[in-house]
Structures are given as C-alpha cells and as structure tokens.
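# A structural walkthrough
Here's the letter readout for the chains.
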Amino acid sequence: MPQNTVVKKKPVVAKPFIKWAGGKGNLLQKLEALLPADFDDLKNVTYIEPFVGGGAMLFHMLHYHKCIKRAVINDINPDLIRCYQLIADTPEILIDRLSVIENNYYSVEFPARKEQYYAYRDQYNSEGIHPDERAALFIFLNRTCFNGLYRVNAAGKFNVPYGRYKKPLICNKELIMEDHQVLNSVELIIRQPGDYKLVRQNLSKNHVNFVYFDPPYRPISVTSSFKEYSNSPFGDKQQEELKLFCDKLSNQNCLVMQSNSDSKTENGESYFEELYVGYDIQRVLAARFINADPEKRVKLTEVVIRNY
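Overview of the structure. (Residues numbered from 1 in each chain as written. Predicted model: local features only at pLDDT ≥ 70, side-chain atom pairs only at ≥ 80, totals over all residues. Heavy atoms only, no water.)

A word on the overall build of the protein. Looking only at helices and strands, the protein features nine helices and seven strands. Residues classed as buried in the protein amount to 49% of the 308 residues present. Here the analysis covers contacts within the protein between residues at least 6 apart in sequence; of these, 74% occur between residues at least 24 apart. Carbon and sulfur atoms form 51% of the exposed surface of the protein, whose accessible area is close to 15,700 Å². (Helix = DSSP H or I, 4+ residues; strand = E, 2+ residues; numbered from the N terminus. Buried < 20%, exposed > 50% of the residue type's maximum accessible area, 1.4 Å probe, protein only. Contact = heavy atoms within 4.5 Å. Areas by Shrake-Rupley, 256 points an atom, 1.4 Å probe, with all protein chains shown as cover.)

On to the pattern of salt bridges. Should their charged atoms come close, side chains of opposite charge can pair. Under the counting rule described, the total for this entry stands at 14 salt bridges. The closest approach of N and O atoms between Lys197 and Asp195, which form a salt bridge, is 3.8 Å. On the basis of relative accessibility, which here comes to 39%, the residue Asp195 falls in the partly exposed class. Between Lys264 and Asp262 there is a salt bridge; the shortest N-O distance is 3.8 Å. (Salt bridge = Lys/Arg side-chain N within 4 Å of Asp/Glu carboxyl O.)

Where helix α3 (residues 78-89) contacts helix α6 (residues 131-144), the axes come no closer than 9 Å and their chain directions differ by 100°. As the angle between them shows, α3 and α6 are arranged roughly perpendicular. Residues Asp79, Leu80, Arg82, Cys83 and Leu86 of α3 lie in contact with α6, whose contacting residues are Pro131, Asp132, Arg134, Ala135, Phe138 and Ile139. Split by residue class, the contact of α3 with α6 holds seven nonpolar, no polar and four charged. (Axes fitted to C-alpha atoms, helices over the stretch in contact; angles between N-to-C directions. Parallel < 35°, antiparallel > 145°, perpendicular 65-115°, else oblique. Nonpolar A, V, L, I, M, F, W, Y, C, P; charged D, E, K, R; others polar.)

Moving on to the packing of helix α4 (residues 91-106) against α6. The N-to-C vectors of α4 and α6 enclose an angle of 50°; their axes lie 9 Å apart at closest approach. Classified by the angle between their axes, α4 and α6 sit oblique to one another. Once α4 is placed against α6, the crossing between them reads as right-handed. On the side of α4, the interface is formed by Ile93, Leu94, Arg97, Leu98, Ile101 and Tyr105, while α6 contributes Asp132, Glu133, Ala135, Ala136, Leu137, Ile139, Phe140 and Thr144. Here the contact of α4 with α6 is built from residues that sort into ten nonpolar, one polar and three charged. (Left-handed = near helix turned anticlockwise from the far one by under 90°.)

Now for unusual backbone geometry. Comment: phi is negative for the bulk of residues other than glycine, and the bulk of peptide bonds are trans. Unlike most non-glycine residues, Asn147 shows phi in positive territory, near 60°. Look at Arg164: it is not a glycine, yet its phi comes out positive at around 65°.

Any link to function would need more than the numbers given here.
Below you can see the structure in the form of structure tokens.
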C-alpha cells in the first residue's frame, strides 16, 4: 500500500450495543417492507416498542424515518433498561466503567480469563451493587459469555458459561456514542422495567402511534422451548393477553405490528392465524443463530401480524 494512502474508516451506524436472542437485525429490510405504505408521509409519529430487547428495530426506525418525533420503549429486564438510560443520558458513565472492566479483563492472559469471567459473573449476581455497575457488567457478560445468550436460573441468577472469545469488543465507545446521538434525536421516554401494558399510558394524542411488538416467541411446537429473555414465563395465556392488548390499541387508532414464531397448535394449525382473526398475517424467512453449531443454524418462517 502506498505510504500516502489514507484508509477511510467505515462510518459507525447506530445498532444494538448487545447481542440479543431473537434480535431483528437480519429481518430489518423485510419488516421495513411491511410498514404502512405512506409511513414517511406521516407528519408526526410516536414509535412505541414495549419489548425493546437489543433494539435493532428501534435504531433502524429512528435512523431512517425522520417522521418519528417521539419514542417510547420498555423491557422486562431492568439491567437492559438501565443501559438504555445511560446511553441516552450519560453515555460517558457507561464508557468509563466498561473501559475499566475491559482493561482488567485484557490484562489477564487468555487461559486465565475464564476465572476473571466467573468472578465478574459472581459480582453481577451479588446483591447491592450500583445499577450503573450492573449495567456495565450486563454488557461485559453479554460480550464474553457463550454465544451472547441471556439466561437466568430459577433464582434469577445469570448462569451462562464462559464464551472463550480471544478478543471480544467489550467497550465499543464509537457505537455507544452513535447510539446516544440517535436516541437523542427524538423525545425518548424509557418506561421502568415491567408490564409492557404500561406503554399505553404514553400514547400521544397529537401523533400517529405506531407500536411494534417483539415478545418472547411462542415455541414452534409443543416440544420446543426458549426462555433466554428472563425467568418469567410467557405462555399461551400471556400471548392471548397480548392479543387483547393489541385490540385495545387498534380501537385507539394505533398502528400495530408484531413479530412472532410461525407456531402450530397441537392439531397442526397456525396458532397465530387462529388467535389474530381479522389481522393481516405475513410470513417471512428468518435465520436463527442460537445454535453453537453453524450447520444447525437454519432459516425458519416467522409471522408478522399487522392491524393495517
């Protein structure tokens, strides 16, 4: 390479600051195509995401759709919500703490990092640590644990084993600051972690309200199960409650979109086609990367449920 050649760094684009099971990064273009046809012609939109997770859809929507003037997010995971609060308001606090953790982790020779990982995991699972410290440890564990999973045991303790990555990027300062800029481009309301129904209190009277749901997916079959999001179950009763909540939002003229599995009933019928009678249901192919064996990572159909 000539000495005077300048290598241009690719611009950092706002995207999830953590890995997240069921994240929508590989489905964004398909979800984009299923937005209302006149979405960008709307003057003022409030975007609401009650199960924000890693935020792939959130960052995509805020980056590409300037009609969004206000955003409301929520999630059941308090440490995840604290991360969003820090990135939105005081990203330097999170960056400083992550830098310390990263330097400590890299100062240990690779074979011994396993012990360092479990020491930090024990600290995360301990009582009484500051919420900002827990948020930083939450990101550290996400970047260094096996396959980026979030899983807790019956006691609510994080129990994912060590991931054996040689050089994980723990403190991504550029991405955190880019996410900060995007989150600050709108009026952002971060609900306290808990019931997704709380976001209904933040519907705008003067905006078009667009609500995107990405709840814990219903198992594809009666024998499968997936509970990496939290230690709280989200079974058929909760799916049915969510449907009733979507009905209430529809009655308030909200635009509603939901992603879920293409799950079957015991009779082999589509669970969500039976549940969401009267809604538009489209199927999309999605690659799922939870399995550690690349050969077992397959594409599955998911449903996108819309009230428009």
